[in-house]
Amino acid sequence: MTRTELEIPAEVSAEMDRLDLTVEGPNGSVRRRLWYPDVSVTVDEDAVVIETDADDAKTNSTVGTFESHVRNMFHGVTEGWEYEMEVFYSHFPMQVRVEDGAVVIENFLGEKAPRRTALHGDTEVEVDEESITLSGPDIEAVGQTAADIEQLTRVPDKDVRVFQDGVYITAKPSRGEA
């Protein structure tokens, strides 16, 4: 039997609705489905309890995974997650802007048609000339938005050592922060 209790931080509230855990704090709220056979997740007065009666390695590793998810949720709604990206071009100056819940990149390699990708979740994007900062309470939404922006400027069938134009992730949240 494995049982893990995670203390809920002072300014944070957690609520379990069947299989979905919702964590709310000063930075926003994050909702996540936590389901695995024989693993139960409950919210006591001041703690999130993850427990199982099973003894196999896969179930116990799932308990640890759920623990990491909940810690990431607590960190996200209190301090938030932040990615930094950099715009790099050698000849055609790229314009990056946010409009209607999407990131729009214009004049990439001189293309006439703008490239665009949607923002995930509650991710906020700040564009400051050559740098882009993404932030939000959900680490997966912020990370997926950063990855989508990076993939938006990928150039297939070209040597990446020569054609270096694009938008690249330069700083990720480190794992030791949570």
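These figures come from a predicted structure and were not determined experimentally.

The rules behind the values
Residue indices follow the written sequence of each chain, beginning from 1 at its first position. Local features in a predicted model are, by the rule used here, given only for residues with pLDDT of at least 70; side-chain atom pairs are given and counted only at 80 or more, and totals for whole chains, interfaces and linings are based on all residues. Just so you know, side-chain values use all the structure's heavy atoms and leave hydrogens and water out. Note on conventions: DSSP H or I runs of at least 4 residues are helices, E runs of at least 2 residues are strands, and numbering of each starts at the N terminus. Between the two quantities, the radius of gyration covers C-alpha atoms and the globule rule is 2.2 Å times the number of residues to the power 0.38. In this scheme, a residue with accessible area under 20% of its type's maximum is buried, one over 50% is exposed, and one in between is partly exposed, where area comes from a 1.4 Å probe on protein chains only. Areas reported as accessible are Shrake-Rupley estimates using a 1.4 Å probe. Residue values count occlusion only from the protein chains shown. For this count, His and the chain ends are skipped, Lys and Arg are scored as positive, and Asp and Glu as negative. The atom standing in for a charge is NZ when the residue is Lys, CZ when it is Arg, CG when it is Asp and CD when it is Glu. As used in this structure description, the phrase polar contact means that two N or O atoms lie within 3.5 Å; if the pair is within protein, one of them must be able to donate a hydrogen and the other to accept it, and residues adjacent in sequence are counted only when both atoms belong to side chains. Each pair of strands is called paired provided DSSP finds at least two bridges between the two strands. Note on method: axes are straight lines fitted to C-alpha atoms, helices fitted across the in-contact stretch only, with angles between N-to-C directions ranging 0 to 180 degrees. For this analysis, residues touch if any pair of their heavy atoms sits within 4.5 Å. Here a helix's expected span is defined as the number of its residues, less one, multiplied by 1.5 Å.

A. Summary view of the overall build of the protein. Across its full length, the protein holds two helices and 13 strands. Here the C-alpha radius of gyration of the protein, 20 Å, is well above what a compact globule of 178 residues would show, namely 16 Å. Taking the principal axes of its C-alpha atoms as reference, the protein extends roughly 60 × 35 × 25 Å. Put simply, the protein has 178 residues, and 37% of those count as buried. About 10,500 Å² of surface is accessible on the protein, with carbon and sulfur atoms providing 44% of the total. The centroid of the 16 positive side-chain charges in the protein is displaced by 9 Å from the centroid of its 38 negative side-chain charges.

B. The environment of R154, seen in detail. Position of R154 among the secondary structure elements: in the loop between α2 (139-152) and β13 (166-171). On a C-alpha basis, the gap between R154 and Q164 in space is 9.3 Å, while along the polypeptide they are 10 residues apart. At 3.2 Å, the side chain of R154 forms a polar contact with the side chain of Q151.

C. Examining the sheet that holds strand β4 (residues 28-33) more closely. Strand order in the open sheet formed by three strands is β2-β3-β4, with antiparallel pairing between adjacent strands. With partners counted over all chains shown, the strands left at the sheet margins are β2 (13-17) and β4, one partner each. Averaged over neighbouring strand pairs, the angle between their axes works out to 15° when direction is ignored. Pairing geometry for β2 and strand β3 (residues 20-25), over five bridges, is antiparallel.

D. Quick peek at the side chain of T123. Considering the arrangement of structural elements, one finds T123 in the loop between β10 (115-118) and β11 (124-128). With sequence-adjacent residues up to four places away left out, T123 is seen in contact with L134, S135, A141, V142 and T145.

E. Here's a closer look at the sheet that holds β11. Ordered by their spatial adjacency, four strands build an open sheet running β11-β12-β7-β13, and the pairing between neighbours is antiparallel. In the strand order of this sheet, the two ends are held by β11 and β13, each with one partner. Neighbour-to-neighbour, the strand axes of the sheet open up by a mean angle of 25°, direction not taken into account. The sheet strands contacting α2 are β7 (81-88), β12 (131-136) and β13, and the helix crosses β7 at an angle near 10°.

F. Spatial organisation of the side chain of T59. Following the sequence through the fold, T59 ends up in helix α1 (residues 57-78). Apart from residues no more than four positions distant in its own chain, T59 is found in contact with Y36, P37, V39, T52 and A54.

G. The environment of E24, seen in detail. Among the secondary structure elements, E24 is positioned in strand β3. With 11 residues separating them along the chain, E24 and S13 place their C-alpha atoms 5.3 Å apart. Apart from residues lying up to four places away in sequence, E24 is in contact with E11, V12, S13, S29 and V77.

H. Structural detail: α2. With 14 residues, α2 ought to run about 20 Å at 1.5 Å a step, and its terminal C-alpha atoms sit 20 Å apart, in line with that. Those residues of α2 not exposed but buried are I139, A141, V142, G143, T145, A146, I149 and L152. Next to the buried residues of α2 lie α1, β7, β9 (102-106), β10, β12 and β13. For α2, the side-chain oxygen to backbone nitrogen distance between the N-cap and E140 is 3.2 Å, and the N-cap itself is D138.

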